[in-house]
Amino acid sequence: MRTRCLFLVGLLAPGCLDYHMNSEKELESAPEERIDLDNIEDGTVNFDDTGTTDESGDGEVFVGSCDCPESYTVSDDGGSCVRTETFPATPRGEVVEVCPIEPFRTYGAYGAMYPDGTNVKNEYWGQNDSDLHGRLNEVGVWGCEYPGASTAGHDPIDTWIGFTVCLDVEEPGDYLVGFAGDNRVRLSVDGERLHEQTGEDMHNFKYWWMESMALDAGNHRIDIEGYNAGSIAAFGAEVAGPFESGSLQTDEDMIAADYEGNIMWSTADAVGSAFPLGETTRWTCPDGTTFQGCDVPVCEEVVEEIPCR
Ligand SMILES: [Ca+2]
């Protein structure tokens, strides 16, 4: 699995957070740099592969003991430095564009729900069913109402769609993930199901569900998916971190952590792109390249490989 962004853990790695803030700022200020879905099929889009280099600001990338010069990233096995190019993947199935939802008063009405049952209500997490508060209203997305629309519609229905969050972790660390879905939502870490809200229970979207993840150093894949059983739809998720390893053991630990100040990935970041993950979503890449479904559906090609320094 190749990754486009290096998430460096700990106090020595402010560059990763800088990258994310810059990335979000770029999306806000320069929407024309997003993938143009109309051009995906003919491969004419130039996707700006920010994220592969210069996380520390000095042009160098470190993962484990591998030190790579500017414009290179550490290979999957950590044994070499590679220079890659990316281009849009070719859809072979349904293309579901990502649009922001119209806020709905019951989304987030019950606030945050932590794994051991602690419930926190406030304006940030949501606190009632009369105001348009809460994380799902803030970052919720679904398939656009029609191609090029600015807001989400109801489709797709009765199928899972979602995102893959790819993390390159340098040191063991803890992460928070918050999520909710109308009607369902599920979360897997490295292929293992961590949490699923099934059925048609309104709790699935009235609570913002919280989990913690303890990740070892290395590459990790977090799949976060939503499912609409009918009518209006919403699916939201955020990943926050890194936090000190072992620091998120209890609900109280998780409540005390600065989630808001450490959000590193959000469903809202994907607005303007397409869902890379889904039961009816298929993407293909030419031979010799790798589908890279992290954040956006692109193909990645290693164009040069050199030893670590
Ligand atoms: Ca629904």
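Provided above is the structure to which this section pertains.
Cut-offs used in this document
- Residues numbered from 1 in each chain as written.
- Predicted model: local features only at pLDDT ≥ 70, side-chain atom pairs only at ≥ 80, totals over all residues.
- Pairing = 2+ DSSP bridges.
- Helix = DSSP H or I, 4+ residues; strand = E, 2+ residues; numbered from the N terminus.

Caption draft 1: View of the sheet that holds strand S15 (residues 218-227). Taken together, five strands build an open sheet; the order of strands is S13-S12-S15-S10-S18 and the sheet is antiparallel. Every interior strand has two partners, whereas the edge strands, strand S13 (192-197) and strand S18 (277-278), have only one. Two elements, strand S10 (residues 160-169) and S18, share two bridges in a ladder whose sense is antiparallel. Considered in S18, the bridge of Ile161 is made with Gly278.

Caption draft 2: Structural detail: unusual backbone geometry. The peptide bond linking Asp155 to Pro156 adopts the cis configuration, its omega dihedral lying at 0°. In this structure, Asn183 follows Asp182 across a cis peptide bond, with omega equal to 20°. In this model, Ser71 sits at a positive phi of 80°, which is unusual for a non-glycine residue. Within the secondary structure, Ser71 is located in the loop between strand S2 (66-68) and strand S3 (73-74).

Caption draft 3: Broad picture of the sheet that holds strand S21 (residues 298-307). Strand order across the open sheet formed by four strands is S3-S4-S21-S20, with antiparallel pairing between neighbours. Taken across any chain shown, the strands that pair with only one partner, and hence form the sheet edges, are S3 and strand S20 (290-292). Alignment of S3 against strand S4 (residues 80-88), held across two bridges, turns out to be antiparallel. Within S4, the position partnered with Thr73 by the bridge is Val82.

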